[in-house]
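A closer look at the structure
One letter stands for each residue in the lines below.
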Amino acid sequence: MGPLEDLQRAVAQALVQGQAENRELLAGISADELRGARETLFRKRRSQTRQLLPRTQAALGELYTPLFRRYFAEQQYSGYRAPLLDAVGFSDWLRGAGELPSWLPELARWEAWPLRLQLARRLWRIIHLRWQVWPDIAFHPERPPQPTSSLWLAYRWGNKFGLRRIV
Amino acid sequence: MEEGAEAVVAETEEHWLTAIPSLGVGLGYRQLYQSEVFHHRPDIDFLEIIPDHFFGAAGPQARYLDLLRAHFPIIPHGLGLSLGSAEGLDREYLSCLTQLVARLQPPYWSEHIAFTKAGGIDIGHLTPLPKTRESLRVLHDNIRLALEVLQVPLILENITETIRYPHQALDDAEFLTEVLEQNDCGLLLDVTNLYINSVNHRFDPLQFLQRLPAQRIVQLHFVGGHWEGEQLIDSHSTATPDEVWQLLEEVLKLAPVRGLILERDERLPPLSELLEELAQARQYWNRYHGTA
C-alpha cells in the first residue's frame with residue numbers, strides 16, 4: 001500500500017467510522033474540517049433516508065435526527081444502492097431503538113417494504129402488520145394506531161411502488 | 001495554460017472538444033419529475049442523469065430510459081467511479097457504466113476529480129484529493145483505463161474542498177489544469193462549488209477562472225447551497241443565488257461552454273420553480289452563446 005492509498009484509507013475511516021486506525025496519517029489535516037466533512041456525510045444520508053421514508057420521518061418528528069445520528073454511527077452501506085439500503089437499514093434498526101411506541105417501527109417497516117422489493121428485484125410480496133398503520137398517521141396524533149392484525153400487498157412496477165391493504 | 005496546449009485545442013479541427021455539439025440549458029434529471037419533464041420539452045434542452053440510478057435497468061425502467069433518450073439528449077454524470085482512488089477503479093461500477101454509456105451514446109460523459117472509495121470503505125460522498133504529483137499519477141492511470149473501456153470523451157467536475165491537505169505541491173488552479181491537460185479531458189465547471197470554495201477558503205473566484213484552460217470548459221453546473229455557521233455547504237438544496245449567477249455570466253463571457261445544468265438535489269420544489277431558474281439561465285445563455 002502506497003502513501004496516497006494509506007492516506008485515503010485513513011480519511012475514509014475518519015469520515016465513515018469516526019476514527020482512523022493510523023491517526024498519524026491525518027496529521028496536518030484540520031480536525032474541524034474532518035468533523036465538518038463527516039457531518040456533511042451525515043446530513044446527506046439523513047436527507048436521503050428522509051426522502052425515502054417521509055411518513056416515518058414525520059412520525060418521529062424531533063426524534064428523527066438524534067435517532068438517525070445513532071444509526072449513522074453504527075451502520076454504513078456502500079455502492080449505488082446505498083440510499084435504499086440505508087432507508088431499509090434504518091427502518092430495521094428502529095425496532096431495536098427501545099424508547100419508541102410499538103407502532104412506530106411498524107410504520108417504518110410498512111413504509112420500507114417497496115424499497116425492499118426494489119433491492120430484491122421482486123415485484124410483490126404479502127406482508128403482515130400487527131398495528132393498524134394509516135398512511136397519514138404522522139398527521140393525526142390524536143388517533144394513535146390500534147393493535148390490529150392486517151395483511152398488505154407490497155408491489156412495484158417499473159419506477160412505481162404501492163401498498164394495498166388486503167385483509 | 002501553456003500556449004501550445006491551447007493552440008492544439010483551438011486549431012486542431014479533429015480535436016474532440018471542437019466536435020461537441022451545443023446542448024443549451026438543461027436539468028439534472030430527478031425521479032420526482034419523471035412525467036412532467038416531457039410536458040416541458042421546449043424549456044429543457046437536455047438532461048443529465050445519475051447513471052447509478054439506471055444500472056441494470058430492465059423492463060419498464062429500461063423502456064422509460066429509452067423514452068427519455070428519444071426526447072432529450074442525455075449526459076451521464078457518474079458519482080461512484082472514484083477516479084481518484086489510489087487502489088484503482090471499481091471494476092463493477094465501470095462495467096455497469098460502460099453498458100449504460102453504450103446504450104445512451106452521449107457526446108461525452110462526466111465524473112469528478114475526487115475519490116469516494118478507499119480501503120474497502122465506500123465514503124458515499126465526493127472527497128478531495130491532495131494536490132500532489134502522486135494524485136496526478138493516480139488520476140492519469142484511472143482516467144486512461146476508463147477512456148480505453150468507454151471510448152467516449154470525458155469531462156471532469158471540480159468539487160468543494162471540504163478537506164485541505166498539508167504539503168501540497170500545486171495550488172488548486174494548477175492541479176485542475178494539469179489534470180485536464182495530462183488527460184485531454186474537458187472541464188465540467190461547477191460554478192456553485194467554485195463560489196463555495198472561494199467563500200470558505202477566501203480567494204478571488206475570477207482570478208481563479210483566469211488561470212483555467214477556458215477552451216476546455218464544456219459544461220457548467222449551477223444551484224444554491226446553504227450556510228452551516230460560517231461555512232457554505234454545497235447541499236444543492238436552494239435556488240441559485242445572485243453571486244453564482246454573476247460568476248456563471250463571467251464564465252460564459254470567456255469560455256465556449258456547450259451546456260448549463262441546474263443541479264438541484266435536495267428539497268426538490270415543484271418543477272415550475274426549477275423552470276424559472278432555467279429561464280433565467282437561458283437569458284445568460286442567449287446573450288453569450290445565441291439560441292441553442
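Given the structure is predicted, the values throughout are model-derived calculations rather than measurements. (Residues numbered from 1 in each chain as written. Chains lettered and ligands numbered in written order. Predicted model: local features only at pLDDT ≥ 70, side-chain atom pairs only at ≥ 80, totals over all residues. Heavy atoms only, no water.)

1. Description of the overall build of chain B
Scanning chain B for helices and strands turns up 11 helices and 12 strands. At 18 Å, chain B has a C-alpha radius of gyration in line with the 19 Å of a compact globule built from 292 residues. Judged by the C-alpha coordinates and their principal axes, chain B covers about 50 × 45 × 40 Å. Considering chain B as a whole, with its 292 residues, one finds that 58% of them fall into the buried category. Across chain B, every contact between residues at least 6 apart in sequence was considered, and the portion connecting residues at least 24 apart equals 80%. For chain B, the exposed area adds up to about 11800 Å²; of that, 48% sits on carbon and sulfur atoms. Between the averaged position of the 21 positive side-chain charges in chain B and that of its 43 negative side-chain charges there is a distance of 3 Å. (Helix = DSSP H or I, 4+ residues; strand = E, 2+ residues; numbered from the N terminus. Rg over C-alpha atoms; globule rule 2.2 N^0.38 Å. Buried < 20%, exposed > 50% of the residue type's maximum accessible area, 1.4 Å probe, protein only. Contact = heavy atoms within 4.5 Å. Areas by Shrake-Rupley, 256 points an atom, 1.4 Å probe, with all protein chains shown as cover. Lys, Arg positive; Asp, Glu negative; His and termini not counted. Charge placed at Lys NZ, Arg CZ, Asp CG, Glu CD.)

2. Observations regarding the sheet that holds strand β2 (residues 150–157) of chain A
Residues and elements named next belong to chain A. One open sheet accounts for 3 strands, arranged β1-β2-β3; its pairing is antiparallel. One side of each edge strand has no neighbouring strand; the edge strands of this open sheet are β1 (124–129) and β3 (160–165). Averaged over all pairs of adjacent strands, the angle between strand axes in this sheet comes to 20 degrees, irrespective of strand direction. Note: β1 against β2, 6 bridges, orientation antiparallel. If you follow Arg 125 over to β2, its bridge partner there is Ala 154. Helix-sheet contacts for helix α6 (residues 103–120) involve β1, β2 and β3, and the interaxial angle to β1 is about 170 degrees. (Pairing = 2+ DSSP bridges. Axes fitted to C-alpha atoms, helices over the stretch in contact; angles between N-to-C directions.)

3. With respect to helix α2 (residues 31–52) of chain A
In this model α2(A) runs 32 Å from its N-terminal to its C-terminal C-alpha over 22 residues, within 8% of the 32 Å that 1.5 Å per residue would give. Within the sequence span of α2(A), burial applies to Leu34(A), Ala37(A), Arg38(A), Thr40(A), Leu41(A), Phe42(A), Arg43(A), Arg45(A), Arg46(A), Ser47(A) and Thr49(A). Those residues of α2(A) that are buried lie in contact with α1 (3–16), α4 (64–74) and α5 (82–93) of chain A together with β6 (121–127), β10 (224–228) and β11 (231–238) of chain B. (Expected span 1.5 Å × (residues − 1).)

4. Considering the packing of aromatic side chains
Counting across every chain of the model gives 18 aromatic pairs over all chains. For the pair Tyr64(A) and Phe90(A), a centre-to-centre distance of 5.7 Å together with 90 degrees between the ring planes defines the contact as edge-to-face. One end of the pair, Tyr64(A), is in helix α4; the other, Phe90(A), is in helix α5, and 26 residues separate them in sequence. When the centroid spacing of 5.5 Å and the interplanar angle of 35 degrees are considered together, the rings of Phe203(B) and Phe208(B) count as tilted. Overall, Phe208(B) belongs to the buried group, its relative accessible area being 13%. Joined through ring pairs, the aromatic side chains of Phe42(A), Tyr64(A), Phe68(A), Tyr71(A), Phe72(A), Phe90(A) and Trp93(A) make up one cluster. Note that Arg69(A) overlies the ring of Phe42(A), its terminal NZ or CZ placed 3.9 Å from the centroid. The ring of Phe175(B) is capped by Lys131(B), whose NZ or CZ atom sits 5.5 Å from the centre of that ring. (Phe/Tyr/Trp six-rings, centres within 6.5 Å; stacked < 30°, edge-to-face > 60°. Lys NZ or Arg CZ within 6 Å of the ring centre and 35° of its normal.)

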